[in-house]
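Inside the fold
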There are 2 protein chains.
Amino acid sequence: MSYTISQVAQRTGLSIHAIRYYDKEGLLPFVDRHNGTRVFQEQDIDWIDLICCLKKTGMPIKDIRTLIQHCMDHDAVLDKGLEILARHRENVEEQLKELQRSLDTINYKIKHLPRMYKEKFSAEAVGSAN
Amino acid sequence: MSYTISQVAQRTGLSIHAIRYYDKEGLLPFVDRHNGTRVFQEQDIDWIDLICCLKKTGMPIKDIRTLIQHCMDHDAVLDKGLEILARHRENVEEQLKELQRSLDTINYKIKHLPRMYKEKFSAEAVGSAN
DNA sequence: ATAAACGATAGAGTGAACTCTAGGTCAACG
DNA sequence: CGTTGACCTAGAGTTCACTCTATCGTTTAT
């Protein structure tokens, strides 16, 4: 079973434009062509899913390209590809902690917003009374 | 105690340029001026901390401006400001879940990368044998 | 009194990641 | 045989959030 670009767009949630852009940027070197038209296989979609996941977790396109290029290189895949992914996993774990801290801060600020607000206006009242 | 823009930059980790940019974008309507020079109070830094937190959690600048403007409006603060923050908190909770899902996916992909890689090259071997 | 240090503004430039447009190819259908 | 519809490329345009530059004003120390 193979897929057209619009079917892949449907399945992945990416726009057709974005897929072509990713290809142009070297993220999809594994995609076959038929008369110039891209023909996607099931496993290509697995790779695109990985790309989407890396994007969602903030990996820039040039880093994804590096990873993909390593993975297309027979000898280096287990070494360099896995190394990059493992490093990114740590990064995502840090993002999780940071996001949790931010959530705590937001909760704190929600609790104290009335006070912050009050203090600011008291200060301004003093200021304008001067 | 009051602070200059460079002291605020130090304390918040923002660049001086970014602080001025935020001011220009209407995020810091509460900052006083002395002879045109910005003078920051302690509670202004509390507001800037909130702004940083909202930015880190993906709120765009125009939405932060809307929130701040509501909070500078006496009558609406508890209603609209808290409402926006509460909605954003739900958003951040969803981000946390999504990030956790992405981490799971990355772990899964790390486990299966050797297989994805192998299948891709098998497929290409078949293709080039045709 | 003048130079250094720090502050200000306006506006141009940057980089990332798309998004859109124009113009073209190709296979299938009536 | 022509027209639709889906695909293609090259490249221009857009948005966001800064970042940088040029130029100017104000304190402060020597």
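How each quantity is defined
- Residues numbered from 1 in each chain as written.
- Chains lettered and ligands numbered in written order.
- Predicted model: local features only at pLDDT ≥ 70, side-chain atom pairs only at ≥ 80, totals over all residues.
- Heavy atoms only, no water.
- Contact = heavy atoms within 4.5 Å.
- Buried area = accessible area lost by both parts, 1.4 Å probe.
- Salt bridge = Lys/Arg side-chain N within 4 Å of Asp/Glu carboxyl O.
- Polar contact = N/O pair within 3.5 Å; in protein donor to acceptor, adjacent residues only side chain to side chain.
- Helix = DSSP H or I, 4+ residues; strand = E, 2+ residues; numbered from the N terminus.
- Nonpolar A, V, L, I, M, F, W, Y, C, P; charged D, E, K, R; others polar.
- Least-squares fit on C-alpha atoms with pLDDT ≥ 70 in both.
- Near = heavy atom within 4 Å.
- Core = buried A, V, L, I, M, F, W, Y, C linked by side-chain atoms within 4.5 Å.
- Buried < 20%, exposed > 50% of the residue type's maximum accessible area, 1.4 Å probe, protein only.
- Axes fitted to C-alpha atoms, helices over the stretch in contact; angles between N-to-C directions.
- Parallel < 35°, antiparallel > 145°, perpendicular 65-115°, else oblique.
- Pairing = 2+ DSSP bridges.
- pLDDT = per-residue confidence, 0-100.

**A closer look at the interface of chain A and chain B**
Tallying the contact residues gives 47 residues for chain A and 47 residues for chain B. Here chain A packs against chain B, burying approximately 4300 Å² in sum over the two surfaces, 74% of which is carbon and sulfur. Remark: the boundary between chain A and chain B carries two salt bridges. Between Lys56 of chain B and Glu98 of chain A there is a salt bridge whose closest N-O contact spans 3.1 Å. The tally of links from chain A across to chain B stands at six residue pairs in polar contact (both at pLDDT 80 or more). At the level of elements, helix H3 (42-56) and helix H5 (77-129) of chain A are the ones that each hand at least two residues to the side of chain A that touches chain B. Among the elements that take part in the side of chain A that touches chain B, H5 of chain A stands out by supplying 31 residues, more than any other. A per-class count over the side of chain A that touches chain B returns 24 nonpolar, ten polar and 13 charged.

**With respect to the relation of the copies chain A and chain B**
Least-squares fitting of chain A to chain B yields an RMSD of 0.2 Å, with the transformation described by 0.0 Å of translation along the axis and a rotation of 180°. Accordingly, the operation relating the two chain copies is best matched by a two-fold axis. The C-alpha atom lying nearest the rotation axis in chain A is that of Leu96 of chain A; the distance is 3.4 Å.

**Notes on the protein's contact with DNA strand D**
Among the 18 residues in the neighbourhood of DNA strand D, the closest are listed as Ser6 and Arg20 of chain A together with Tyr22, Asn35 and Lys55 of chain B. Atoms of DNA strand D within 4 Å of the protein belong to the sugar or the phosphate in 71% of instances, the rest to bases. Ranked by residues supplied to the surface near DNA strand D, first place goes to helix H2 (residues 16-24) of chain B with four residues. Tallied by class, residues from the surface near DNA strand D come to six nonpolar, seven polar and five charged.

**What to know about the nonpolar core**
The biggest cluster of nonpolar side chains holds 73 residues, and the ones touching the most others in it are Leu28 of chain A together with Leu28 of chain B. A total of eleven residues in this core trace back to one element, the largest contributor, which is helix H5 (residues 77-129) of chain B. Not counting residues up to four positions away in its chain, the partners in contact with Leu28 of chain A are Ile19, Tyr22, Asp23, Ile48 and Ile51 of chain A.

**Thoughts on the pattern of salt bridges**
All names here are of chain A. Going through the model one piece at a time under the given rule, you end up with 18 salt bridges over all chains. In this structure, Glu42 and Arg11 form a salt bridge, with 3.1 Å as the shortest nitrogen-oxygen distance. Linking Glu42 in helix H3 with Arg11 in helix H1 (residues 5-12), this pair joins segments that are 31 residues apart in sequence. Given a relative accessible area of 46%, Arg11 falls into the partly exposed group.

**Some remarks on the protein's contact with DNA strand C**
As a matter of local geometry, DNA strand C sits amid 18 residues, with Tyr22 and Lys55 of chain A together with Ser6, Arg20 and Arg38 of chain B nearest to it. The contact atoms of DNA strand C, taken as those within 4 Å of the protein, divide so that sugar and phosphate hold 69%. Between DNA strand C and Arg33 of chain B, the relevant distance is 3.1 Å, taken from a phosphate oxygen to a side-chain nitrogen or oxygen of the residue. Arg38 of chain B places a polar side-chain atom, nitrogen or oxygen, 2.8 Å from a phosphate oxygen of DNA strand C. Among the elements that take part in the surface near DNA strand C, helix H2 (residues 16-24) of chain A stands out by supplying four residues, more than any other. Residue classes in the surface near DNA strand C are distributed as six nonpolar, seven polar and five charged.

**Description of the packing of H1 of chain A against H2 of chain A**
Residues and elements named next belong to chain A. It is the contact of H1 with H2, at a shortest axis distance of 9 Å, that shows an interaxial angle of 105°. The angle between H1 and H2 places the two elements in the roughly perpendicular class. Two secondary-structure elements touch here, H1 through Ile5, Ser6, Val8, Ala9 and Thr12 and H2 through Ile16, Ile19 and Arg20. Within the contact of H1 with H2, the residues separate by chemical class into five nonpolar, two polar and one charged.

**Digging into the pairing of strand S3 (residues 37-41) of chain B**
Each regular strand shows side chains that alternate between the opposite faces of the sheet. Residue and element names in this part refer to chain B. Taken together, the two bridges between strand S1 (residues 2-3) and S3 define a ladder with antiparallel strand orientation. Bridging across to S3, Ser2 finds its partner in Gln41. Two successive antiparallel strands, strand S2 (residues 32-34) and S3, enclose a turn made up of two residues, where Asn35 displays a positive phi of approximately 60°.

**Remarks on the confidence of the model for chain A**
Confidence along chain A averages 90 in pLDDT terms, with 88% of residues attaining 70 or more. Counted against residues more than four places away or in other chains, residues 126-130 of chain A, with its pLDDT under 50, gives zero contacts.

**Thoughts on unusual backbone geometry**
Here Asn35 of chain A, not a glycine, exhibits a phi torsion of approximately 60°, which is positive. Looking at the element boundaries, Asn35 of chain A is found in the loop between strand S2 (32-34) and strand S3 (37-41).

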